[in-house]
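# Examining the three-dimensional arrangement
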Amino acid sequence: QRLLGLPTPHYMHLPVAVNDAGEKLSKQTLAAPVDAAQPVATLVRALKFLRLHPPAQLMECEVAAVLDWAVRNWTTRELAGQRSLPAGRVLIPASPVAGDVSGIPEWPARRK
């Protein structure tokens, strides 16, 4: 980059999601897969894991609107220096029919 006269980007490592035992979420540790059937709820959970504070109204939006909100509100302020973060119920729903999950109404989300 320097040889090409391009600016050097700022890099940051995102924290690893870990389970209650401190193991990274992976197939090896038998972590549940990402729920692709509920993309909005999954994205909102990921935003909460990354210490953003998405408004509840995003649960009623399409994926593009959630991603747009995420880009406009991205900050690393609360992630600086974090090597890992517990996934807890933010990324791992207790069950697909549980009630309130970390402030996200109704799992799975009912969309209009």
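Residues numbered from 1 in each chain as written. Predicted model: local features only at pLDDT ≥ 70, side-chain atom pairs only at ≥ 80, totals over all residues. Heavy atoms only, no water.

### Focus on a nonpolar patch on the surface
Taken together, the side chains of Met12, Leu14 and Trp74 present a nonpolar region at the surface, about 280 Å² in accessible area. Structurally, Trp74 is set in the loop between helix 2 (63-73) and strand 2 (84-86). Trp74 gets classed as partly exposed once you look at its relative accessible area, which sits at 40%. (Patch = residues over 30% accessible without salt bridge, like charges linked within 9 Å, V, L, I, M, F, W, Y side chains within 5 Å. Areas by Shrake-Rupley, 256 points an atom, 1.4 Å probe, with all protein chains shown as cover. Salt bridge = Lys/Arg side-chain N within 4 Å of Asp/Glu carboxyl O. Helix = DSSP H or I, 4+ residues; strand = E, 2+ residues; numbered from the N terminus. Buried < 20%, exposed > 50% of the residue type's maximum accessible area, 1.4 Å probe, protein only.)

### Some details on helix 2
By the burial criterion, the buried members of helix 2 are Val66, Trp69 and Ala70. Considered in projection along helix 2, the buried side chains sweep an arc of 100° and stay on one side of the axis. Turned more than 90 degrees from where helix 2 packs its buried face, Ala64, Val71 and Arg72 sit exposed. Looking at the buried residues of helix 2, the elements they touch are helix 1 (39-49). (Arc of directions from axis to C-beta. Contact = heavy atoms within 4.5 Å.)

### Here we look at the nonpolar core
Counting ten residues, the largest nonpolar core is built from Val40, Ala41, Val44, Leu47, Leu52, Leu58, Met59, Val66, Trp69 and Ala70. Within the residue set of this core, elements represented by two or more residues are helix 1 and helix 2. The greatest single-element share of this core, amounting to four residues, is contributed by helix 1. Residues contacting Leu58, with those up to four places away along its chain left out, are Val40, Val44, Ala65, Val66 and Trp69. Listed in part, the six residues of the second largest apolar core include Ala17, Phe49, Leu85 and Ala87. (Core = buried A, V, L, I, M, F, W, Y, C linked by side-chain atoms within 4.5 Å.)

### Structural notes on helix 1
Counted residue by residue, helix 1 has eight buried out of eleven residues, so it is predominantly covered. If you check which residues of helix 1 are buried, you get Val40, Ala41, Thr42, Val44, Arg45, Leu47, Lys48 and Phe49. Of the residues trailing helix 1, Arg51 is marked for its positive phi of about 65°.

Function cannot be inferred from these measures alone, as they are strictly geometric.
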